[in-house]
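Notes for the structure review
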Amino acid sequence: MTHSSRPLAVFDLDGTLADTAHRQHFLERRPRDWNAFFGAAPQDPPLPEGVRMVLESARECEVAYLTGRPERCRRDTLAWLAARDLPEGRIWMRRDNDRRPARHTKLEILKRLAAQGREIRMLVDDDELVCVAAEQAGFRVVRARWAATSAALRDAQEREGRT
């Protein structure tokens with residue numbers, strides 16, 4: 001079995017693998033401080049349940065990461081994944097100027113992968129709207145319900161398309 005023929009297990013980062021609780025306060029003020037929010041991401045502790053799931057999935061699947069983080073965070077994101085010995089995999093990130101809700105941007109990528117003939121074994125994400133959209137499109141979804149998410153973060157995800 002070649003690497004590219006393995007099914008994909010697609011994981012979100014923030015709230016799924018990375019605990020953002022320590023930086024959510026940057027989104028509670030007006031205006032929201034997005035630079036500080038993303039600047040603090042390298043200090044995110046890993047979420048044990050998400051880490052366990054990604055390591056288990058790597059046995060049978062090619063692991064990929066699908067995040068609402070902007071492209072300018074790629075270097076920090078790669079370093080964070082490597083420092084936690086998480087599986088290497090393709091990372092799809094939001095273009096720096098893309099403010100569409102994650103339920104649109106993430107679904108667009110999942111559909112593109114499926115159209116290319118990739119089997120997507122599952123999407124693991126904490127954003128309920130992303131999960132619903134992916135399920136409605138026929139994807140298997142695992143809801144990451146193991147992290148605390150503030151109302152400010154949920155609102156920002158949907159209204160401002162930033163994560």
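Think of each chain on its own: its residues are numbered from 1, step by step along the sequence as written. With the structure being a predicted model, the display of local features is reserved for residues of pLDDT at least 70 and the display and counting of side-chain atom pairs for 80 or more, all residues being used for whole-chain, interface and lining totals. Side-chain metrics in this entry use all non-hydrogen atoms of the structure; hydrogen atoms and water are not considered.

On to the side chain of E62, then. Note on conventions: DSSP H or I runs of at least 4 residues are helices, E runs of at least 2 residues are strands, and numbering of each starts at the N terminus. Within the element layout of this structure, E62 appears in strand β2 (residues 62-70). Buried residues are those whose accessible area, probed at 1.4 Å on protein chains only, stays under 20% of the maximum for their type, while exposed residues exceed 50% and partly exposed ones sit between those limits. The class of E62 is buried, set by a relative accessible area of 13%. Between N or O atoms, a polar contact is any pair within 3.5 Å; within protein, one atom must be a potential hydrogen donor and the other a potential acceptor, and residues adjacent in sequence are included only when both atoms are from side chains. Polar contacts involving the side chain of E62 include one to the side chain of R118, which spans 2.8 Å.

Moving on, we get to unusual backbone geometry. The omega angle of the peptide bond from R30 to P31 is -10°, so this bond is cis rather than trans. You can see P31 is positioned in the loop between β1 (8-11) and α1 (34-39). Although it is not a glycine, D85 adopts a positive phi angle of roughly 55°. With respect to the helices, strands and loops of the structure, D85 is situated in the loop between α3 (74-83) and β3 (91-94).

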